[in-house]
Amino acid sequence: MNPEVTSLIPEHTSARRLELLTPEEAHDLLRLLQMMAAEGQDELSEEARWFAREIAERIPSEN
């Protein structure tokens, strides 16, 4: 992960926790991150965009 993009993530957080989300939770989180990303061009929006892309690549599409 890019340290500049992930500077707000607590050090103890691990990507492994994503494995514990249900598909519905993962899609809810993705929607939340996409809304945050659309809010503006600040550091938090940039980070939300990055996480949204990463999550979208790892979860099956919602049908």
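Criteria and thresholds
Residues numbered from 1 in each chain as written. Predicted model: local features only at pLDDT ≥ 70, side-chain atom pairs only at ≥ 80, totals over all residues. Heavy atoms only, no water. Helix = DSSP H or I, 4+ residues; strand = E, 2+ residues; numbered from the N terminus. Contact = heavy atoms within 4.5 Å. Salt bridge = Lys/Arg side-chain N within 4 Å of Asp/Glu carboxyl O. Buried < 20%, exposed > 50% of the residue type's maximum accessible area, 1.4 Å probe, protein only.

(A) Structural detail: the side chain of His27. Tracing the backbone through its elements, the reader meets His27 in helix α1 (residues 23-38). Ignoring anything within four residues of it in the chain, the contact list for His27 reads Ile59, Pro60, Ser61 and Glu62.

(B) Broad picture of the pattern of salt bridges. Taken as a whole and assessed by the stated rule, the structure comprises two salt bridges. Arg31 is the salt-bridge partner of Asp28, the closest N and O atoms lying 2.4 Å from each other. Taken as a pair, Asp28 and Arg31 lie in helix α1 at a separation of three residues, close to a single helical turn. Classification of Arg31 by relative accessible area gives partly exposed; the value is 37%.

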